[in-house]
Amino acid sequence: MLVSLLKKFGLKFSLNDPRWGRGSDDNKNQDGNKRPNDGPPDLDQLWRDFNQRLSNLFGNKKNGGGNNGNGGNSGGTGFKPDMRGAGIGAGVIAAIVGFLWLVSGFFIVQEGQTGVVLTFGKYSHMTPAGFNWRWPTPIQSHETVNVSQVRTVEVGYRGSVKNKQQQESLMLTEDENIIDIQFAVQFTLKNASEWVFNNREKEEMVKQVAETAIREVVGRNKMDFVLYEGREKIAFDSSQLMQQIVDKYKAGVQITNVTMQGVQPPEQVQASFDDAVKAGQDRERQKNEGQAYANDVIPRARGAASRLMEESEAYRASVTANAQGEASRFKQVLVEYQKAPAVTRDRMYIDTMQKIFSSTTKVMVDSKGSNNLIYLPLDKLISQTSADAAANAPSTAASTTPVVPSGSVALETQLQQESRTRDSRISRDREAR
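What counts, and at which threshold
- Residue positions are given per chain, counted from 1 along the sequence in the order it is written.
- Given that the model is predicted, a residue must reach a pLDDT of at least 70 before its local features are reported, and side-chain atom pairs must reach 80 or more before they are shown or counted; all residues, however, enter totals for whole chains, interfaces and linings.
- Based on all heavy atoms of the structure, the side-chain values leave hydrogens and waters out of the count.
- Here a strand is any run of E in DSSP of at least two residues, a helix any run of H or I of at least four, and the numbering for each starts at the N terminus.
- By definition in these notes, contact holds between two residues if any of their heavy atoms fall within 4.5 Å.
- Where accessible areas are quoted, they stem from the Shrake-Rupley method and a 1.4 Å probe; at the residue level, only the protein chains shown are allowed to cover.
- Paired strands, as defined in this entry, are two strands with at least two bridges between them according to DSSP.
- Angles run from 0 to 180 degrees between N-to-C directions of axes, and those axes are lines fitted to C-alpha atoms, restricted for helices to the stretch in contact.
- In a helix, the anticipated span is given by 1.5 Å times the number of residues less one.
- Exposed residues in this analysis have more than 50% of their type's maximum accessible area, buried residues have under 20%, and partly exposed residues fall in between, with area computed by a 1.4 Å probe over protein chains only.
- For this quantity, the arc is that covered by the directions from the helix axis to the C-beta atoms.
- By definition, a salt bridge exists where a carboxyl oxygen of Asp or Glu is found within 4 Å of a side-chain nitrogen of Lys or Arg.
- Contacts described as polar in this section are N or O atom pairs within 3.5 Å, which, within protein, must combine one atom able to donate a hydrogen with one able to accept it, while residues neighboring in sequence count only if both atoms come from side chains.
- As used in this record, nonpolar core signifies buried Ala, Val, Leu, Ile, Met, Phe, Trp, Tyr and Cys residues forming a set joined through side-chain atoms within 4.5 Å.
- Our angle categories are set so that under 35 degrees counts as roughly parallel, over 145 as roughly antiparallel, 65 to 115 as roughly perpendicular, and the remainder as oblique.
- Following the grouping adopted for this structure description, the nonpolar residues are Ala, Val, Leu, Ile, Met, Phe, Trp, Tyr, Cys and Pro, the charged ones are Asp, Glu, Lys and Arg, and the polar ones are all others, Gly among them.

Engineer: How would you sum up the overall build of the protein chain? Please name residues and give values.
Structural biologist: A count of helices and strands for the protein chain gives 12 helices and 13 strands. Expressed as a percentage of contacts within the protein chain between residues at least 6 apart in sequence, the contacts between residues at least 24 apart total 61%. Accessible surface computed for the protein chain: about 30,100 Å², of which carbon and sulfur atoms make up 55%.

Listed below in structure tokens is the structure:
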């Protein structure tokens, strides 16, 4: 475009021009003929041609006569500026410069980033990801901020937990014990303009906020809680407190995670603390063993005691009931005895002897009027009777009825007859009286 405009006004800046660097067409020899084309172009002549064409562009025209051999005017030249041509040339150059200046305002924001546009150094607005335009410098400028990046600050260590920072990691608990804590805080940006403008040392600000929050949370808890079962709660409470602080600072930060890298006593007392921990664990183990033994013995002892008490209650109730029953039966017998003493006495005697004979295998009988004792081997009689019954029974049939010894039946029949005889005699004597 620029070349076509220059050609329109009769300007040529091409190295293919046969007269480039060889003077103007008016350069002639003394005979009025053109100077022959002998030799390469002269650098001084090239410079003079460039100055001449530049002068023509801004309106410096020649007024007849040519340049002499040394490049000077022959005396008939003068300077007459052409204002119209100079204005057109200046306008073209200004348009080109303005176009390039406006084009410099385009910029590209990558995905996951946000562009912050400044107008004379003051925040103007934010641009999304993609192809954007702003007023070029010095009116506006922009700064690209990565809002999707997960940033990390380390407190109490640098790079590795072995590289400790004692001034950051040592903290005081509620029970006035010192512990050594190393942790990392991960965060993202939720407002790029606040992140850029509201704080100077941004990473340092987040680190100091994290250290302040964790010290406050640790100071509200005891040492054993922080070292063992309370790590997750300490991290959660610290994250909440950090978020509250950075929101008050308007830092544009979103706390995403707090990771506890190491929680332990200071190195100077680590051995003593390990011994104390082992002693505490032994104490807890012994307490648990004692509690387990107690849980095993005490319920069994209580069960045995309850069983003995129930058995004693049952025995007492049984004895009491038996005693009451015996007393009631004795009263009933007493009433009958008062009505018929002899009959009652004989009946009691018979019942007693029946109980005695039913539990013995040998019977001694004292016959009346004689001192001879009759021995009745009931056990042998019963066994002999059983053997005879088994021999006489068919071998193929299985008998399910119990075998009653004949000897015992005869003895029982005899005793019953004697009892009835005695009862009848006592009754006749009572009637006679």
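Continuing now.
Engineer: Give me the lowdown on the sheet that holds strand 2 (residues 113-119), citing residues and values where you can.
Structural biologist: With antiparallel pairing, the three strands of this open sheet are ordered in space as 3-2-5. With one partner strand each, in any of the chains shown, strand 3 (122-127) and strand 5 (140-146) form the two edges of the open sheet. Across the sheet, the axes of successive neighbouring strands diverge by a mean angle of 30°, strand direction being ignored. The pairing of strand 2 with strand 5 spans seven bridges and is classified as antiparallel. From the neighbouring strand, V117 faces strand 5, where its bridge partner is H142.

Engineer: Would you mind going over helix 10 (residues 341-358) in detail, with residue names and values included?
Structural biologist: Given 3.6 residues per helical turn, the α-helix brings residues three or four places apart onto the same face. In this model, helix 10 (18 residues) spans 26 Å end to end at C-alpha, consistent with the 26 Å of a helix rising 1.5 Å per residue. Buried within helix 10 we find T344, D346 and I350. Taken down its axis, helix 10 places every buried residue within 165° of arc, on the same side. Structural note: helix 10 exposes Y349 and K355 on the side pointing more than 90 degrees away from its buried face.

Engineer: So what's going on with the pattern of salt bridges? Which residues, and what values?
Structural biologist: Under the defined criterion, the tally for this structure stands at 16 salt bridges. Here K164 makes a salt bridge to D180, at a shortest N to O gap of 3.6 Å. In this pair, K164 sits in strand 8 (residues 160-164) while D180 sits in strand 10 (residues 178-189), placing the two residues 16 residues apart along the sequence. With respect to burial, K164 and D180 carry one shared label: buried. We note a salt bridge from R220 to E216, for which the minimum N-O separation is 3.1 Å. Classification of E216 as partly exposed rests on a relative accessible area of 38%.

Engineer: Quick one: what's the story with the environment of N177, residue by residue and with numbers?
Structural biologist: By the element assignment, N177 lies in the loop between strand 9 (170-172) and strand 10. Separated by 45 residues in sequence, N177 and K222 place their C-alpha atoms 8.1 Å apart. A distance of 3.2 Å separates the side chain of N177 from the side chain of D175, its partner in a polar contact.

Engineer: Tell me what's going on with the pairing of strand 6 (residues 151-155), and back it up with residues and numbers.
Structural biologist: Residues R151, V153 and V155 of strand 6 are buried on one face, while the alternating residues T152 and E154, pointing to the opposite face, are not. With five bridges joining them, strand 6 and strand 10 adopt antiparallel strand pairing. Its bridge partner lying in strand 10, V153 is registered against V185.

Engineer: Describe the nonpolar core, listing the residues and the values that go with them.
Structural biologist: Of all hydrophobic cores here, the largest spans 39 residues; its most connected members are I181, F183, M242 and V253. For this core, the secondary-structure elements that each account for two or more residues are strand 2, strand 6, strand 10, helix 5 (192-197), helix 6 (202-219), helix 7 (223-227), helix 8 (231-249) and strand 11 (253-264). The residues touching I181, leaving out its near neighbours within four places in the chain, are V155, G156, S169, M171, V218, V226, M260, G262 and V263.

Engineer: I'd like a description of unusual backbone geometry, backed by residues and values.
Structural biologist: That bond from T137 to P138 is cis: its omega, 15°, falls within 30 degrees of zero. Assignment of secondary structure puts P138 in the loop between strand 4 (130-133) and strand 5. Of note, E176 is a non-glycine position whose phi angle comes to about 65°, a positive value. For E176, a relative accessible area of 68% puts it in the exposed group.

Engineer: Any details on the packing of helix 9 (residues 270-339) against helix 10? Residues and values, ideally.
Structural biologist: Helix-helix packing is described using two parameters, namely the angle between the two axes and the distance between the axes. Contact geometry for helix 9 and helix 10: axes closest at 5 Å, N-to-C directions at 130°. Taken together, the axis directions place helix 9 and helix 10 in an arrangement best described as oblique. Together, V333, E336, Y337, Q338 and K339 of helix 9 and P341, T344, R345 and M348 of helix 10 make up the contact between the two elements. Its residues assigned to classes, the contact of helix 9 with helix 10 comprises four nonpolar, two polar and three charged.

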